[in-house]
Each structure stands twice: as structure tokens, then as C-alpha cells.
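Listed below, chain by chain, are the residues.
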Amino acid sequence: MMKKLLLPTSIVGSLPKPAWLAPPEKLWSPWKLEGDQLLEGKQDALRITLQEQELAGLDIVCDGEQTRQHFVTTFIEHLSGVDFENRKTVRIRDRYDASVPMVVGDVARQKAVFVEDAKFLRKQTNKPIKWALPGPLTMVDTLYDGHYKSREKLAWEFAKALNEEARELQDAGVDIIQFDEPAFNVFFDEVNDWGMAALERAVEGLNCETAVHICYGYGIQANTDWKKTLGSEWRQYEEVFPKIQKSKIDIVSLECHNSNVPLDLMELVRGKKVMVGAIDVATNTIETPEEVANTLRKALEFVDAENLYPSTNCGMAPLSRNVAKGKLSALSAGAEIIRKEYVG
Ligand SMILES: [Zn+2]
């Protein structure tokens, strides 16, 4: 089914959480429930998120990251060797400070992190499901390492843990496993030296499809300010796309709509599937279907139609639920415009 449908739509990952689960419109929003109620609340939120994607007509669905407080730290907190009670404040991607867990010993994945959640999602829908995990380089950049004192060594340990998780997610029926690597847009030397190798280690032996999401971040102030310093052409993808082109990764998720990314950079991953960001997550303005269609039409100059996956620029966790819902519908309607043009 997934192979035949033209322009299958999906979101990058997160959606806003209901206000009864966590205070809305902020990152790292704390849970409002505890214990069994929290467990039940997360599952209920996941169901709502799924229903909203299905009602909007999305073709590939996900959990909307309803069971995670944050896309990186929630995975890290489940590993041994990590102290998440004594947090440290570090600078993320050289841009903003955040309170993060601390590595205090050898890191290892002693139990599954999201596998039960994935099984739960699998039971709720017959559509293809995509699951997002953080990438090794971005993980290393989102904690304080008081043990390995080597970003490379730590990334390699994370890659092993991610691979174990990914294999179990695949067995749970996940169709696409996506690794979020916004740090690939910042630390080019590390991507080159070991970041890409660590990502390849994370996907080793997988038979399901794999994706890497590389973006310019959530629509938070620190990211918006950073983007202003990047000039009229954002050429960051030029550094990493040739490496991805040579890798085993099947899908590249990139930021496009309202960005200064030169679209011809997509040519560098010709042959791969491309999740084109046709929804801006840094504005509350809901795109019109025509705007979405325009972005997709431009992308089609550089991406073969059968490889074009309409998507969002990044996660929508910090947006209001109404805005996010409107954006889901716009994505779906915009893709439909282009599909009709192809069918004729
Ligand atoms: Zn992103």
C-alpha cells in the first residue's frame, strides 16, 4: 500500500499534548499526572493524536511523541549509566541552555524504551507507522558527559543502544524508523569524522525503512534568532547530503517551506526518498493547501514524484492544538492537489 500511493503524507514527529497531560505550548513540559494515571493519560493522548492524523487524512501516522517529555532526553533517561535526577545545564547546538541528564557510567540499554508504546500504536491503526528516535550525534549534544569525556565514544555506545531499540521497534510492526539529527546541520566535522558512521551503526541489520530528519529546529526563539544569522542561503545540507546519499538510509527529512534552503540541494540526495517540509512549524499561521502544493511542486524539480513524501519542517510540540490540527489538514489537502495533477 505504502509503495503504490503517490505523495504519502506524514509529520516529522511531535504534536501538542492535551492540556490535562502537560502544560501546552512549551518544550520539556512537565507531566501533570503520576503513576498509573500518567501511563493511562499518555495512551489516551496517543489515541487522540492518532485520530487527529487519520481524520486529517495523513497516510503514514505516528505517536505524536505523546509519551515523551522530550525527543532526546526521554530516550537517554531510560539507559543505565545516566543520572537524570542530578541534571546539568549545557548549551544545545551552541544556541541555547537546557537542563539535561548527566552520563556518570557506562551507558547501556537494559530494557526497551518505546517498544510497548509502539505495540500500542500498532494495535490502533492499519496505516503504516513511523517511529522517531534521536540520532547519536544529537544525543551526545543534549547531555552532560562526566564519564567517557569523548563525544565519539559516547555516540558509539548510543548507536548500539539505538540499534537494539530499533530492531525491537521493527519487530513490533514499525514500518519506518526515523532518526532525528538536527545536530547534523551544525557540527560538520563531527558528522564527517564519526557522526555518519554512528548513524549507520544505529540502522545496522534493519529491514524496515529508515529515515534521518535534519532540520533547523523547533519554532522556539533561540532557533529563530539563529536562523537570522544564517544569511540569505542556508547551505548546511550541502555538507551532509553527499554522505547520506552514500549511506543505507532510505529517507531524508528536510526543512523547506519558509526557509532559505536552496531547493536544488535536494538534487544531492536524488534517488533517496525525501520528506519535504511543506509546513512551517515556527509560525502560527496555517498554510493554505495551495501554499503546500506550491512547495511540493517546486520540490518535484529535484525529487522524483515516487520519492516525494510531503511532511512538516519539524515537530509541532510547541504549537497550540488548533494550529497543529489546521496544519495537518493543510498538508493533506496540499498533497491531494498535486496528486490530482499527476493523475490528470
Ligand atoms: Zn526537527
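Heads up: the structure comes first, above all this text.
Here's what I pulled together on the structure shown here. Values in this document were obtained by computation on a predicted structure and should not be read as measured data.

**A few points about the overall build of the protein chain**
Turning to step 1, where the next piece is worked out: The helix and strand inventory of the protein chain stands at ten helices and nine strands.
Turning to step 2, where the next piece is worked out: Here the C-alpha atoms of the protein chain give a radius of gyration of 19 Å, agreeing with the 20 Å that 2.2 N^0.38 yields for 344 residues.
Turning to step 3, where the next piece is worked out: Structurally, the protein chain occupies a C-alpha span of about 60 × 45 × 40 Å along its principal axes.
Turning to step 4, where the next piece is worked out: Going through the 344 residues of the protein chain one by one, you find that 60% of them count as buried.
Turning to step 5, where the next piece is worked out: Of the contacts made within the protein chain by residues no fewer than 6 positions apart, 76% connect residues no fewer than 24 positions apart.
Turning to step 6, where the next piece is worked out: When the accessible surface of the protein chain is summed, it comes to about 13900 Å², and 47% of that surface belongs to carbon and sulfur atoms.

**Some thoughts on the environment of Gly 195**
Turning to step 1, where the next piece is worked out: Mapped onto the secondary structure, Gly 195 falls in helix α6 (residues 188-202).
Turning to step 2, where the next piece is worked out: With 145 residues separating them along the chain, Gly 195 and Lys 340 place their C-alpha atoms 40 Å apart.

**Here we look at the pairing of strand β8 (residues 273-277)**
Turning to step 1, where the next piece is worked out: Counting buried positions over the five residues of β8 gives five, a clear majority of the element.
Turning to step 2, where the next piece is worked out: In β8, alternate side chains face the same way, and those of Lys 273, Met 275 and Gly 277 on one face and Val 274 and Val 276 on the other are all buried.
Turning to step 3, where the next piece is worked out: Two elements, strand β7 (residues 251-254) and β8, share four bridges in a ladder whose sense is parallel. Each bridged residue has a counterpart across the sheet, and for Val 252 the counterpart in β8 is Val 274.
Turning to step 4, where the next piece is worked out: In the sheet, β8 pairs with strand β9 (residues 308-311) via four bridges, with the strands oriented parallel. Its bridge partner being in β9, Met 275 is matched across the sheet by Tyr 309.

**Section: helix α3 (residues 115-124)**
Turning to step 1, where the next piece is worked out: Taken together, the buried positions of α3 are Val 115, Asp 117, Ala 118, Phe 120 and Leu 121.
Turning to step 2, where the next piece is worked out: Contacts from the buried residues of α3 go to α1 (35-56), β3 (130-134) and α5 (151-171).

**Considerations on the coordination of the zinc ion**
Turning to step 1, where the next piece is worked out: Only His 213 (NE2), Cys 215 (SG) and Cys 314 (SG) from the protein coordinate the zinc ion, and they sit 2.1 to 2.3 Å from it.
Turning to step 2, where the next piece is worked out: Each donor residue of the zinc ion lies on one chain, and together they are spaced H-x1-C-x98-C. Neither residue differs from the other here; His 213 and Cys 215 are each classed as buried.

**Thoughts on the nonpolar core**
Turning to step 1, where the next piece is worked out: Residues Leu 133, Phe 158, Leu 169, Ile 177, Phe 179 and Met 266 are the most contacted members of the largest nonpolar core, which totals 102 residues.
Turning to step 2, where the next piece is worked out: For this core, the element with the highest residue contribution is α5, accounting for eight residues.
Turning to step 3, where the next piece is worked out: Not counting residues within four places of it along the chain, the set of residues in contact with Ile 177 comprises Trp 131, Leu 133, Ala 166, Leu 169, Gln 170, Leu 206, Cys 208, Glu 209, Thr 210 and Ala 211.
Turning to step 4, where the next piece is worked out: Membership of the second largest hydrophobic core comes to seven residues, among which are Val 12, Ile 60, Ala 211 and Ile 251.

**Details of the layout of surface pockets**
Turning to step 1, where the next piece is worked out: If you add up the space inside the largest pocket, you get close to 400 Å³.
Turning to step 2, where the next piece is worked out: For the largest pocket, the lining is made up of 17 residues, of which Lys 42, Thr 67, His 78, Val 113 and Asp 117 are closest to its centre.
Turning to step 3, where the next piece is worked out: Elements represented by at least two residues in the lining of the largest pocket include exactly α1, α2 (73-77) and α3.
Turning to step 4, where the next piece is worked out: In terms of residues, the lining of the largest pocket owes the most to one element, α3, which gives four residues.
Turning to step 5, where the next piece is worked out: Looking at the lining of the largest pocket residue by residue, the classes come out as eight nonpolar, five polar and four charged.

**Some remarks on the pairing of β9**
Turning to step 1, where the next piece is worked out: Along β9, one buried face is formed by Leu 308 and Pro 310 and the opposite face, lined by Tyr 309 and Ser 311, is buried too.
Turning to step 2, where the next piece is worked out: Crossover β8 to β9 through helix α9 (residues 289-299) is right-handed.

**Looking at the sheet that holds β9**
Turning to step 1, where the next piece is worked out: Pairing is parallel in the open sheet, where six strands are placed in the order β3-β5-β6-β7-β8-β9. With partners counted over all chains shown, the strands left at the sheet margins are β3 and β9, one partner each. In this sheet, adjacent strand axes meet at a mean angle of 25° when their direction is disregarded.
Turning to step 2, where the next piece is worked out: Each of β3 and β5 (176-180) touches α5; the most contacted strand, β3, lies at about 170° to it.

**A closer look at the sheet that holds strand β4 (residues 144-145)**
Turning to step 1, where the next piece is worked out: The strand order across the open sheet built from three strands is β1-β2-β4, with neighbouring strands paired in mixed fashion. Edge positions in the sheet fall to β1 (80-92) and β4, since each has one partner strand and no second.
Turning to step 2, where the next piece is worked out: Pairing analysis gives eight bridges linking β1 to strand β2 (residues 96-108), with the strands arranged antiparallel. Along β2, the bridge assignment pairs Ser 80 with Ala 108.

Reading the values: the criteria
- Residues numbered from 1 in each chain as written.
- Predicted model: local features only at pLDDT ≥ 70, side-chain atom pairs only at ≥ 80, totals over all residues.
- Heavy atoms only, no water.
- Helix = DSSP H or I, 4+ residues; strand = E, 2+ residues; numbered from the N terminus.
- Rg over C-alpha atoms; globule rule 2.2 N^0.38 Å.
- Buried < 20%, exposed > 50% of the residue type's maximum accessible area, 1.4 Å probe, protein only.
- Contact = heavy atoms within 4.5 Å.
- Areas by Shrake-Rupley, 256 points an atom, 1.4 Å probe, with all protein chains shown as cover.
- Pairing = 2+ DSSP bridges.
- Donors = N, O, S within 2.8 Å, 3.2 Å for Na, K, Ca; no water.
- Core = buried A, V, L, I, M, F, W, Y, C linked by side-chain atoms within 4.5 Å.
- 1 Å grid on protein atoms, 1.4 Å probe; cavity = no way out; pocket = protein on both sides within 12 Å on 5 of 7 lines; lining within 4 Å.
- Points joined across faces, edges and corners; volume = space filled by probe spheres on them.
- Nonpolar A, V, L, I, M, F, W, Y, C, P; charged D, E, K, R; others polar.
- Right-handed = clockwise from strand over helix to strand, strands pointing away.
- Axes fitted to C-alpha atoms, helices over the stretch in contact; angles between N-to-C directions.

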